[in-house]
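Each chain is listed here by its residues.
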Amino acid sequence: ILGTESKKFIYSEQNAQSQSKPGKDLTIRHLTLFIILLSVFVATNVSNNSLAQTPSEGWQIEEVFRGTKPSLALNADGEPRIAYLLERTDGWVRYAAPSEGGWSFTTVFEGYFYGPLDLAFNSQDQPHIVFHDHQNPQINRMAGDAALAFRSDGEWLVEQLRDVCHDGWDGSIIFDESDNVHISAVDPIEFNGDGVEYYRRMPDGEFIVEDIDSGFLSYAFGTAIAFDLEGRPMITYYEQLEPSLRL
């Protein structure tokens, strides 16, 4: 694009040379040359990754992979694992782990997803990832749920947490003492939702979805879930109509 614009400019400059002042022409030529050289410098250095920021003292930075809206958790050995996604109709959810000489990744699921997602390990050191699955390239008010991916015997399985309408956004995941999954998420106003949702897996393996009726919430502001000392779930979220952070 820059080369095309430069040619257009030179053509215009030549046509108007008789009407231009020599000093002005020289300044414009210098400015054009500077822009071209700067563009080449930036393109070269970005491609070589030499413009990466220097970390603060005591920190180090590793390049993992291209991806967005990551979640980080440590396994039983204290090693980092990262879940991340690509938000496109041909998108994916991936799971990354350190490997010899860098990082390796596994594609967990492919489709049209929305982040943020959340990653957690149960007591058996099995990774679980919760995210929103649109379930359709064209967003449908009656389709779209929270999805739970987990690894079992080296294979990734995905469970759709079915509920009415287009819900299950901005999920956060936690496990109780019995390794049952608990998830907070949003049933957004954009799809006539009721606000915060609470998912929990029962001992028989089935999921129950509870609409807390917390008000008209939009997606994109996130949720978080934790247990108090008595094992009661607590959920925090953002109420944007007032606005206020709530528990």
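How each quantity is defined
Residues numbered from 1 in each chain as written. Predicted model: local features only at pLDDT ≥ 70, side-chain atom pairs only at ≥ 80, totals over all residues. Heavy atoms only, no water. Helix = DSSP H or I, 4+ residues; strand = E, 2+ residues; numbered from the N terminus. Buried < 20%, exposed > 50% of the residue type's maximum accessible area, 1.4 Å probe, protein only. Pairing = 2+ DSSP bridges. Salt bridge = Lys/Arg side-chain N within 4 Å of Asp/Glu carboxyl O. Phe/Tyr/Trp six-rings, centres within 6.5 Å; stacked < 30°, edge-to-face > 60°. Lys NZ or Arg CZ within 6 Å of the ring centre and 35° of its normal. Axes fitted to C-alpha atoms, helices over the stretch in contact; angles between N-to-C directions.

**Observations concerning unusual backbone geometry**
Across the junction of glycine 115 and proline 116, the peptide omega takes the value 10 degrees, indicating a cis bond. Counting through the fold element by element, proline 116 comes out in strand β5 (residues 113–121). A positive phi is found at lysine 69, a non-glycine position, where the angle reads about 50 degrees. Here lysine 69 lies in strand β1 (residues 68–74). Located in the positive-phi region is aspartate 125, a residue other than glycine, with phi close to 65 degrees. With respect to the element layout, aspartate 125 can be found in the loop between β5 and β6 (127–133). Overall, the relative accessible area of 27% leaves aspartate 125 in the partly exposed class.

**Some details on the pairing of β6**
Of all seven residues making up β6, seven are buried, and the element is well covered by its neighbours. Residue alternation in β6 divides its side chains into two sets, Pro127, Ile129, Phe131 and Asp133 and His128, Val130 and His132, and both sets are buried. With six bridges connecting them, β5 and β6 associate as antiparallel partners. The residue of β6 that forms the bridge with aspartate 118 is valine 130. Taken together, β5 and the strand that follows it, β6, pair antiparallel across an intervening segment of five residues, in which aspartate 125 is found at a positive phi of about 65 degrees. By the bridge criterion, six bridges tie β6 to strand β7 (residues 145–152) in an arrangement that is antiparallel. Note that in β7 the partner of histidine 128 across the bridge is phenylalanine 150.

**So, the pattern of salt bridges**
What the rule picks out here adds up to ten salt bridges. In this structure, arginine 246 and glutamate 239 form a salt bridge, with 3.8 Å as the shortest nitrogen-oxygen distance. Exposure remark for glutamate 239: the relative accessible area of 4% places this residue in the buried category.

**Quick word on the packing of aromatic side chains**
This structure, assessed with the given rule, holds eleven aromatic pairs. Each ring, one from tyrosine 84 and one from tryptophan 92, has its centre 5.7 Å from the other, and the planes form 90 degrees; the classification is edge-to-face. Here the two residues tyrosine 84 and tryptophan 92 agree in accessibility, since each one is buried. Ring plane angle 25 degrees and centroid distance 5.4 Å describe the contact between phenylalanine 109 and phenylalanine 113, whose orientation is recorded as stacked. Of the residues examined, phenylalanine 109 reaches a relative accessible area of 25% and is grouped as partly exposed. Over the aromatic face of tryptophan 92 sits the side chain of arginine 94, whose NZ or CZ is 3.8 Å from the ring centroid.

**Examining the sheet that holds strand β11 (residues 195–201)**
Here we have four strands laid out as an open sheet, ordered β9-β10-β11-β12, and antiparallel in their pairing. Of all strands in the sheet, those bounded by a partner on one side alone are β9 (169–175) and β12 (207–211). Strand-to-strand twist of the sheet, defined as the mean angle between neighbouring strand axes without regard to direction, takes the value 20 degrees. The sheet contact formed by β9 and strand β10 (residues 181–187) spans five bridges and is antiparallel. Residue isoleucine 174 lies in a different strand from β10, and its bridge partner there is histidine 182.

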